[in-house]
Amino acid sequence: MLKKLEEEKNKRQEKIEKYSKTLKDIAVLNYSKSEDFENTLYKILKETALALGVNRAGYWSYEPNQMNSTKIYDTKINTLENTTRFYKKDNPTYFEKIESKHQVVMSDIRSHSTNNKKNDSYIYKHNIFSTLDTPVVIDGEVKGIISFEATQKIKNWDNEDINFSRTISDII
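What you see is a predicted model, and the numbers here were worked out from it, not measured in a lab. (Residues numbered from 1 in each chain as written. Predicted model: local features only at pLDDT ≥ 70, side-chain atom pairs only at ≥ 80, totals over all residues. Heavy atoms only, no water.)

Student: Which parts of the structure should I look at to understand the overall build of the protein?
Tutor: A count of helical and extended segments in the protein gives five helices and seven strands. Of the regular secondary structure in the protein, the N- to C-terminal order runs α-α-β-β-β-β-α-β-α-β-β-α. Counting only residues that meet the buried cut, the protein has 42% of its 172 residues in that class. Considering only residue pairs separated by 6 or more positions, the protein has 57% of its internal contacts joining residues 24 or more positions apart. (Helix = DSSP H or I, 4+ residues; strand = E, 2+ residues; numbered from the N terminus. Buried < 20%, exposed > 50% of the residue type's maximum accessible area, 1.4 Å probe, protein only. Contact = heavy atoms within 4.5 Å.)

What follows is the structure, given as structure tokens:
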């Protein structure tokens, strides 16, 4: 029992150190004058997906009645995809959480099916099992959402993952 607790403590410490290193790397990128926002965003999505151990990381622009994928990085194909839309009328509870500046943490998104064919088709098309969405707030207003998507299997998000996502949204 004691050995198992020690192993968990060591794993947690390794994760914290990995996230700290990633944050330092991103902070340097984010403030570099030679990078434009698109390139910086691509690097942030790529580095955070790798650090979190997820296959997909995305930035969605937010408008009061919809959100649009600006960039979604997929580690399996090392590429970005663009322009998927979700509407408030189809997901009012999700939008309420985002508008309240709360994170939306779903370790098993498939069990939270919205009965919305478009959203469900997105989840199944990309084989998504878990999502961690964090609003990006600028001058007190939600301007976007940073989203991490685990594919292939469920990822049980822990406090370190959730805090890391919040920090990434603050950097953006």
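After presenting the structure, the write-up continues.
Student: Help me understand the pairing of strand β6 (residues 128–138), please; the structure alone is not making it clear to me.
Tutor: Of all eleven residues in β6, nine are buried, a share of seventy percent or more. Where strand β5 (residues 104–106) lies against β6, three bridges are found, and the strand directions are antiparallel. Looking at the pairing, V104 lines up with D133 of β6. By the bridge criterion, ten bridges tie β6 to strand β7 (residues 141–151) in an arrangement that is antiparallel. Following the sheet pairing, V136 is matched in β7 by G144. Here β6 folds back onto β7 in antiparallel fashion, the turn holding two residues, of which D139 has a positive phi close to 50 degrees. (Pairing = 2+ DSSP bridges.)

Student: Please clarify how a nonpolar patch on the surface should be interpreted in this entry.
Tutor: There is a patch of nonpolar side chains on the surface, built from M1, L2 and L5 and spanning about 410 Å² of accessible area. Structurally, the position occupied by M1 is in the segment before α1 (2–30). Owing to a relative accessible area of 80%, M1 belongs among the exposed residues under this scheme. (Patch = residues over 30% accessible without salt bridge, like charges linked within 9 Å, V, L, I, M, F, W, Y side chains within 5 Å. Areas by Shrake-Rupley, 256 points an atom, 1.4 Å probe, with all protein chains shown as cover. Salt bridge = Lys/Arg side-chain N within 4 Å of Asp/Glu carboxyl O.)

Student: Please clarify how the pattern of salt bridges should be interpreted in this entry.
Tutor: Pairs can form between side chains of opposite charge whenever their charged atoms are close. Following the criterion strictly, the structure yields nine salt bridges and no others. A salt bridge links D158 to K15, with the shortest nitrogen-to-oxygen separation between them at 2.6 Å. Here D158 is found in the loop between β7 and α5 (159–171), whereas its partner K15 is found in helix α1, with 143 residues between them in sequence. The partner of E141 in a salt bridge is K143, and the shortest N-O contact between them spans 3.5 Å.

Student: So what exactly am I meant to see when it comes to helix α2 (residues 37–52) here?
Tutor: Residues lying three or four places apart along an α-helix face the same way, a consequence of the helix completing one turn every 3.6 residues. With 16 residues, α2 extends 22 Å from end C-alpha to end C-alpha; this agrees with the ideal 22 Å at 1.5 Å per step. Listed as buried for α2 are T40, L41, I44, L45, T48, A49, A51 and L52. Within α2, the buried residues cover an arc of 160 degrees as seen down the axis, which keeps them to one side. Backbone geometry just after α2 places G53 at a positive phi near 75 degrees. (Expected span 1.5 Å × (residues − 1). Arc of directions from axis to C-beta.)

Student: Can you walk me through the nonpolar core in this structure?
Tutor: Within soluble globular proteins, side chains that are nonpolar generally end up buried alongside one another. Of all hydrophobic cores here, the largest spans 23 residues; its most connected members are L52, V54, I146, F148, W157, I168 and I172. Of all the secondary-structure elements, those providing two or more residues to this core are α1, α2, β1 (56–63), β6, β7 and α5. The biggest single contributor to this core is α2, with six residues. Other than its neighbours up to four places away in sequence, V54 contacts A49, T75, F148, E149, A150, K155 and W157. Within the second largest apolar cluster, 16 residues are counted, among which are I72, F86, I123 and V142. (Core = buried A, V, L, I, M, F, W, Y, C linked by side-chain atoms within 4.5 Å.)

Student: Is there a simple way to think about unusual backbone geometry in this case?
Tutor: Even without being a glycine, K101 presents a positive backbone phi close to 65 degrees. Of note, K101 is situated in the loop between α3 (92–99) and β5. Of note in the backbone geometry, D139 takes a positive phi value of approximately 50 degrees without being a glycine. Mapping D139 onto the fold places it in the loop between β6 and β7. Among the residues examined, D139 registers a relative accessible area of 78% and is labelled exposed.

Scope: geometric values only; no functional claims are made or implied.
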